[in-house]
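Here are the chains, one letter per residue:
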Amino acid sequence: MTETFDVLDPVDGAVLGQVPDLTAEEALTALDVAVQRQHSWATTPPRERGEILRRAFELVSERSDEFAETISLEMGKPLAEARGEVAYGAEFLRWFSEEAVRIRGSWLTAPAGGSRLLTVKKPVGPCLFITPWNFPLAMGTRKIGPALAAGCTALVKPASATPLTMFKLAEVFAEAGLPEGVLQVVTTRSTGEVTSALLADPRLRKISFTGSTAVGKELVRGSADNLQRVSMELGGNAPFLVFADADIDAAVDGAMIAKMRNMGEACTAANRFLVHADVAEEFTAKLAARMGGLRVGRGQEDGVDVGPLIDAHAVESVQQLVADAVAGGARLVVGGEPDGNFFPPTVLADVAPEARVVREEIFGPVAPISTFRTEQEAVDAANNTEYGLSAYLWTRDLDRTLRLVESLDFGMVGVNTGLVSNPAAPFGGVKASGFGREGGFEGIEEYLDTTYVGISAP
Ligand code: NAP
């Protein structure tokens, strides 16, 4: 009989539920099913695939409160934020329901004449998805939506801390008419072992991973023997640049979103505030006032803005980053001291460029502020990271905007906005933030192979 493991409340460790603890052998049996279903799903009419996705979108939207409660309980984020995640996550199902019917090939006359060059798009085949705990629904739907639209079957392995949401989503898909076995949830405590066994099977054709850069690198290595197609959505270290000509109040509003969405536990979270010296004092004072005014508490309580961090380890690691910055000369403007797994919104000023808090991904509600004088200094500081996921830029100067968009080494740039994620846009990074894009017109390409056909001219 399959063993189970407990899913815990991040506030007090209370048991919220149990999920199967699959062995590698059981996961391979799930892959057998995915392989058996691949052909029939790939040949299901695109409109039918799209309509199943559309029904799933509608069901998730109708049950927004139910999904939000599960997300909030297992992950800790406030209910309002969890509802935001449901709306965002569901949109990937709607977007890709519309893309399913727009998969197309091409027809070209060979430049020298004499033949016709055709391309046909085909689903890559059975996929494995591994998702993190910070967005238990949306990090799954960003992969499931395009895969199902393209005609791929999939196994999805949610983070062990937050698997309950994914089981709920699987129920919704069954109700929406998705044939059994096309999408299966795989939960396990033996994550490395199970994943290795799946990657060692050449019938698995694709892996898409969202999580830390260290695990991503391991998975890329693991995919080498069977040359599976790979998409990697990894860590970030987003700079948030504020120029002297920016609308400072708008920049503070944007900073609250870029920093505090998901309690700072987001790969796109602003990780370093680089502010022109002339406006640094004003920006810091206004940001600190807003951060200090947020209410910290259990995500399910009314009026709470900031929930607990995912576990005690996360609290300790954020605390160490703050202590290191202060030891290096930073000034603690607000926050700083955790209470259990709750970490208060924290602002640090005069942070040195070598402080760990600006070199590492914080994954918590801490805003480190440093200053710059020239545009070149700002660009150099922003690009001085191994990561390249998102960057934010605040200025009213169009020429500067164009220069920076071209010189910032990031997959996504927010201009006068603190939120770049959008299901209709290609989400993804460069450098240690990975490769591949989720969402937008690009998203479905990750799940399609191209067959080229040369035909002699009639
Ligand atoms: P993580 O430790 O890398 O875990 C992510 C997933 O990988 C979980 O499902 C985890 O399973 C699994 N995993 C862990 N070790 C593994 C191994 N050896 N082989 C295969 N799978 C393994 O990351 P996290 O702490 O959950 O998430 C935070 C990270 O995700 C941050 O770096 C953040 O920036 C990144 N992230 C990136 C994006 C993006 O789109 N770029 C979005 C969100 C988050 P278990 O839970 O069972 O250990």
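Residues numbered from 1 in each chain as written. Predicted model: local features only at pLDDT ≥ 70, side-chain atom pairs only at ≥ 80, totals over all residues. Heavy atoms only, no water.

What to know about the side chain of Glu233
Along the chain, the position of Glu233 falls in strand E9 (residues 229-233). No salt bridge is formed by the buried Glu233; its nearest oppositely charged neighbour, Arg142, is found at 4.7 Å. Apart from the residues within four sequence positions on either side, Glu233 is in contact with Lys143, Phe209, Thr210, Gly211, Leu389, Phe427, Gly428, Gly429, Ser433, Gly436, Arg437 and Glu438. (Helix = DSSP H or I, 4+ residues; strand = E, 2+ residues; numbered from the N terminus. Buried < 20%, exposed > 50% of the residue type's maximum accessible area, 1.4 Å probe, protein only. Lys, Arg positive; Asp, Glu negative; His and termini not counted. Salt bridge = Lys/Arg side-chain N within 4 Å of Asp/Glu carboxyl O. Contact = heavy atoms within 4.5 Å.)

Focus on the site of the ligand
What surrounds the ligand is a group of 30 residues, the closest being Thr131, Ser160, Thr191, Ser212 and Glu361. Contact distances for the ligand include 2.5 Å between an oxygen atom and a side-chain N or O atom of Ser160. Isolated, the ligand exposes 910 Å² of accessible area, and the fraction of that covered by the protein chains is 84%. For the shell around the ligand, the secondary structure elements donating two or more residues are helix H5 (138-150), helix H7 (191-199), strand E8 (206-210) and helix H8 (213-222). Residue classes in the shell around the ligand are distributed as 14 nonpolar, 11 polar and five charged. (Near = heavy atom within 4 Å. Polar contact = N/O pair within 3.5 Å; in protein donor to acceptor, adjacent residues only side chain to side chain. Areas by Shrake-Rupley, 256 points an atom, 1.4 Å probe, with all protein chains shown as cover. Nonpolar A, V, L, I, M, F, W, Y, C, P; charged D, E, K, R; others polar.)

Details of the pairing of strand E2 (residues 15-21)
With six bridges joining them, strand E1 (residues 3-8) and E2 adopt antiparallel strand pairing. Across the sheet, residue Asp6 finds its bridge partner in E2, namely Gln18. Where E1 folds back onto E2 in an antiparallel hairpin, the turn is made up of six residues, including Gly13, whose phi is positive at roughly 75°. (Pairing = 2+ DSSP bridges.)

As for the packing of aromatic side chains
Under the definition given, this model contains 10 aromatic pairs. Taken together, a centroid distance of 5.9 Å and an interplanar angle of 85° make the contact between Phe129 and Tyr447 edge-to-face. Within this pair, whereas Phe129 is found in strand E5 (residues 127-130), its partner Tyr447 is found in the loop between strand E17 (434-435) and strand E18 (448-456), the two being separated by 318 residues in sequence. Take Tyr447: its relative accessible area is 2%, and that puts it in the buried class. Consider the rings of Trp133 and Phe363, whose centres lie 5.6 Å apart with planes at 90°: the pair is edge-to-face. Linking Trp133 in the loop between E5 and H5 with Phe363 in the loop between helix H12 (356-359) and strand E14 (366-372), this pair joins segments that are 230 residues apart in sequence. Counting every residue linked through ring pairs, the aromatic cluster contains Phe240, Phe273, Phe283, Tyr392 and Trp394. Arg142 extends its terminal NZ or CZ atom over the ring of Phe427, reaching a point 4.0 Å from the ring centre. Across the ring face of Tyr88, the terminal group of Arg261 is positioned such that the distance to the ring centre comes to 5.8 Å. (Phe/Tyr/Trp six-rings, centres within 6.5 Å; stacked < 30°, edge-to-face > 60°. Lys NZ or Arg CZ within 6 Å of the ring centre and 35° of its normal.)

Re the packing of helix H13 (residues 375-383) against helix H14 (residues 398-407)
Direction vectors running N to C along H13 and H14 enclose 30°, while the axes themselves pass 11 Å from each other. One way to sum up the angle between H13 and H14 is to call them roughly parallel. Once H13 is placed against H14, the crossing between them reads as right-handed. Residues Glu375, Val379 and Asn383 of H13 touch H14, and the partners they reach there are Arg400, Arg403, Leu404 and Ser407. Among the residues making up the contact of H13 with H14, the classes are represented as two nonpolar, two polar and three charged. (Axes fitted to C-alpha atoms, helices over the stretch in contact; angles between N-to-C directions. Parallel < 35°, antiparallel > 145°, perpendicular 65-115°, else oblique. Left-handed = near helix turned anticlockwise from the far one by under 90°.)

Points about helix H3 (residues 64-75)
With 12 residues, H3 should cover 16 Å at 1.5 Å per step; its first-to-last C-alpha distance of 16 Å lies within 8% of that length. Restricting attention to buried positions, one finds in H3 the residues Ser64, Phe67, Ala68, Thr70, Ile71, Ser72, Glu74 and Met75. Directly after H3, the chain includes Gly76, whose backbone phi takes a positive value near 105°. (Expected span 1.5 Å × (residues − 1).)

Digging into the sheet that holds strand E7 (residues 183-185)
Strand order in the open sheet formed by six strands is E7-E6-E5-E8-E9-E17, and the pairing between neighbours is mixed. Looking at strand neighbours, the two that pair on one side only are E7 and E17, the edges of this open sheet. As paired strands, E9 and E17 are joined by two bridges and run antiparallel to one another. Each bridged residue has a counterpart across the sheet, and for Glu233 the counterpart in E17 is Gly434.

Let's talk about the nonpolar core
Residues Phe173, Phe240, Phe283 and Leu287 are the most contacted members of the largest nonpolar core, which totals 81 residues. Sort the elements by how many residues they give to this core and helix H4 (residues 79-99) lands first, with eight residues. Grouped together as the second largest cluster of nonpolar side chains are 20 residues, Ala24, Leu155, Val186 and Ile207 included. (Core = buried A, V, L, I, M, F, W, Y, C linked by side-chain atoms within 4.5 Å.)

Examining helix H1 (residues 24-42)
Taking 1.5 Å of rise per residue, the 19 residues of H1 would be expected to cover 27 Å, and the 26 Å separating its terminal C-alpha atoms lies within 8% of that figure. Every buried residue of H1 is accounted for by Ala24, Ala27, Ala30, Leu31, Ala34, Gln38 and Trp41.

Focus on the environment of Glu265
Secondary-structure assignment places Glu265 in the loop between helix H9 (248-260) and strand E11 (270-276). In this structure the C-alpha to C-alpha distance between Glu265 and Ser196, which are 69 residues apart in sequence, comes to 27 Å. If near-sequence neighbours (up to four positions away) are discounted, Glu265 is found in contact with Met75, Trp133, Asn134, Phe135, Pro308, Leu309, Ile310, Phe363 and Gly364.

Focus on the pattern of salt bridges
Applying the stated criterion across every chain yields a total of 25 salt bridges. Close ionic contact of Asp449 with Arg229 constitutes a salt bridge, the shortest N to O distance being 2.8 Å. You can see Asp449 sitting in strand E18 and its partner Arg229 sitting in strand E9, a full 220 residues away along the chain. Take Arg229: its relative accessible area is 29%, and that puts it in the partly exposed class. With its nearest N and O atoms 3.0 Å apart, the salt bridge here joins Arg373 to Asp278. With Arg373 in the loop between E14 and H13 and Asp278 in the loop between E11 and helix H10 (280-292), this residue pair connects regions lying 95 residues apart in the sequence. Accessibility assignment for this pair places Arg373 and Asp278 in one class, exposed.

Focus: the side chain of Thr187
Tracing the chain through its elements places Thr187 in the loop between E7 and H7. Within polar-contact distance, the side chain of Thr187 engages the backbone oxygen of Pro20 at 2.6 Å. Discounting chain neighbours no more than four positions away, the residues touching Thr187 are Phe5, Val19, Pro20, Asp21, Leu22, Pro158, Pro163 and Phe167.

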